[in-house]
Amino acid sequence: MSIKEGLRQEVVFLDREGERKSLLAALPPVATAPQLLIVLGPTGVGKSSLTEFVTAQIASEVAVVLVDPYLRGEDLDPHRAYEGYFLQQCVAAISDLVRERRTGFDTFDLFVKTRGWKNLKGFDVRGTAQDAVSPHKLIGRALDATDRVGGRGNFSPEKLLKSDDRFAIESCAEYFRQAATAFPFVLVVQESQHCDTTSFRHILQCLKEGGMFYPLLEYTSDNQNFQRRHEKQIELFGKPMV
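Fair warning: this is a prediction, and the values are worked out from it, not measured in the lab.

**Student:** Summarise helix H1 (residues 16-25); cite the residues concerned and give the values.
**Tutor:** Every buried residue belonging to H1 is among Gly18, Glu19 and Leu23, and all of these are buried. The arc that holds every buried residue of H1, seen down its axis, measures 125°, which confines them to one face.

And the structure:
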């Protein structure tokens, strides 16, 4: 196993027992400083088995969030992993964990519904004024604003977790940012080689800004290399790949 020091650690498969020990040493309760961990290897080498074993060992000590984006091989829809998609999957998984463990942190549902007037951020007031000449359009804009404030309709938690709309992604990004600094947890992201750039960048940015979470990414690569869009982001937060 090869371990790179710094913010990022890369796990290369050589010795199964050594891999387990190295990952356990890089995760709580042993580790106290979060860092990006990437389990890198070809299809079928046992990345998920490794992370499942390791997280099972620490589950009683720290919260573990498992993110499965449901993107698999031949079934992969290239248009499904839109910008922010993985971030939404992370938020849904974090919210489920919060609901189950009662950590004291808000679920995404409560987060959306209690934001109130903050949900009007980015609302086009000028467009509302222009629509005033049309009663039908004015009523539509008023209902849109009401739904935003109340977290209903297209702005309900359920819709925001499935929409590629800018407001939906920004809402998820804010929830993730708050969760990242609210309580420690291990974030296991499967199929991260398909991760969109927006989500990948946001996860690393939250980590750099002092997040309390430990990202553990399962990354499939037959040539042991990252996709260029990911490699650029990784190089900004850790040592360059060797």
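Continuing now.
**Student:** So what's going on with the packing of aromatic side chains? Which residues, and what values?
**Tutor:** For the structure on display, the rule yields twelve aromatic pairs. When the ring of Phe105 is compared with that of Phe183, the centres are 6.0 Å apart and the planes differ by 50°; the resulting orientation is tilted. In this pair, Phe105 is assigned in the loop between helix H3 (85-101) and helix H4 (108-114) and Phe183 in the loop between helix H8 (166-180) and strand E4 (185-189), connecting sequence segments 78 residues apart. No difference in accessibility class separates Phe105 from Phe183, as the two residues are buried. Relative to Phe213, the ring of Phe185 has its centre 5.7 Å away and its plane inclined at 20°; by these criteria the two rings are stacked. Taken together, the residues span a long stretch of sequence, with Phe185 in strand E4 and Phe213 in strand E5 (residues 213-220) at a distance of 28 residues.

**Student:** Provide a residue-level description of the nonpolar core, including the pertinent values.
**Tutor:** One finds Ile94, Phe176, Leu187 and Phe213 to be the most contacted residues of the largest nonpolar core, which totals 49 residues. Beyond its immediate sequence surroundings of up to four residues, Leu187 is in contact with Val65, Val67, Cys90, Phe176, Ile203, Phe213, Tyr214, Pro215 and Leu216.

**Student:** Residue-level account of the environment of Lys47, with values.
**Tutor:** Summarising the element assignment, Lys47 is placed in helix H2 (residues 47-58). As a C-alpha pair, Lys47 and Gln190 span 143 residues in sequence and 9.1 Å in three-dimensional space. Only 3.0 Å separates the side chain of Lys47 from the backbone oxygen of Pro42, close enough to count as a polar contact. A polar contact is formed between the side chain of Lys47 and the side chain of Thr220, at a distance of 3.2 Å.

**Student:** Can you break down the pairing of E4 residue by residue, with the values?
**Tutor:** For E4, the tally of buried residues reaches five of five residues, placing the bulk of the element in the interior. Taking every second residue as pointing to the same face, both faces of E4 are buried, with Phe185, Leu187 and Val189 on one and Val186 and Val188 on the other. As defined by bridge partners, strand E3 (residues 63-67) adjoins E4 across five bridges and the pair is classed as parallel. Each bridged residue has a counterpart across the sheet, and for Ala63 the counterpart in E4 is Phe185. Strand direction decides the pairing type here: E4 and E5, joined by five bridges, are parallel. The partner of Val186 across the bridge, within E5, is Tyr214. Note on the crossover from E4 through helix H9 (residues 197-208) to E5: the handedness is right-handed.

**Student:** Break down the environment of Phe183 for me, with residues and values.
**Tutor:** Judged by relative accessible area, which is 10%, Phe183 ranks as buried. Taking the C-alpha atoms as reference, Phe183 lies 7.5 Å from Phe213; in sequence the two are 30 residues apart. Discounting residues that sit within four places of it in the chain, Phe183 has contacts with Ile94, Leu97, Val98, Thr103, Phe105 and Met212.

**Student:** Could you give me a rundown of the pairing of strand E2 (residues 36-41), with the residues and numbers involved?
**Tutor:** A regular strand places its side chains on the two faces of the sheet in alternate fashion. Most of E2 sits out of view: six of its six residues are buried. The alternating pattern of E2 places Leu36, Ile38 and Leu40 and Leu37, Val39 and Gly41 on opposite faces, both of which are buried. For E2 and E5, the ladder comprises five bridges, and the chain directions are parallel. The partner of Val39 across the bridge, within E5, is Glu218.

**Student:** Got a sec to walk through the state of the cysteines? Specific residues and values, please.
**Tutor:** Going through the model one piece at a time under the given rule, you end up with zero disulfides. Between Cys172, a cysteine without a disulfide, and Cys90, which holds the nearest cysteine sulfur, the sulfur-to-sulfur distance is 9.9 Å.

The rules behind each value
- Residues numbered from 1 in each chain as written.
- Predicted model: local features only at pLDDT ≥ 70, side-chain atom pairs only at ≥ 80, totals over all residues.
- Heavy atoms only, no water.
- Buried < 20%, exposed > 50% of the residue type's maximum accessible area, 1.4 Å probe, protein only.
- Helix = DSSP H or I, 4+ residues; strand = E, 2+ residues; numbered from the N terminus.
- Arc of directions from axis to C-beta.
- Phe/Tyr/Trp six-rings, centres within 6.5 Å; stacked < 30°, edge-to-face > 60°.
- Core = buried A, V, L, I, M, F, W, Y, C linked by side-chain atoms within 4.5 Å.
- Contact = heavy atoms within 4.5 Å.
- Polar contact = N/O pair within 3.5 Å; in protein donor to acceptor, adjacent residues only side chain to side chain.
- Pairing = 2+ DSSP bridges.
- Right-handed = clockwise from strand over helix to strand, strands pointing away.
- Disulfide = S-S within 2.5 Å.

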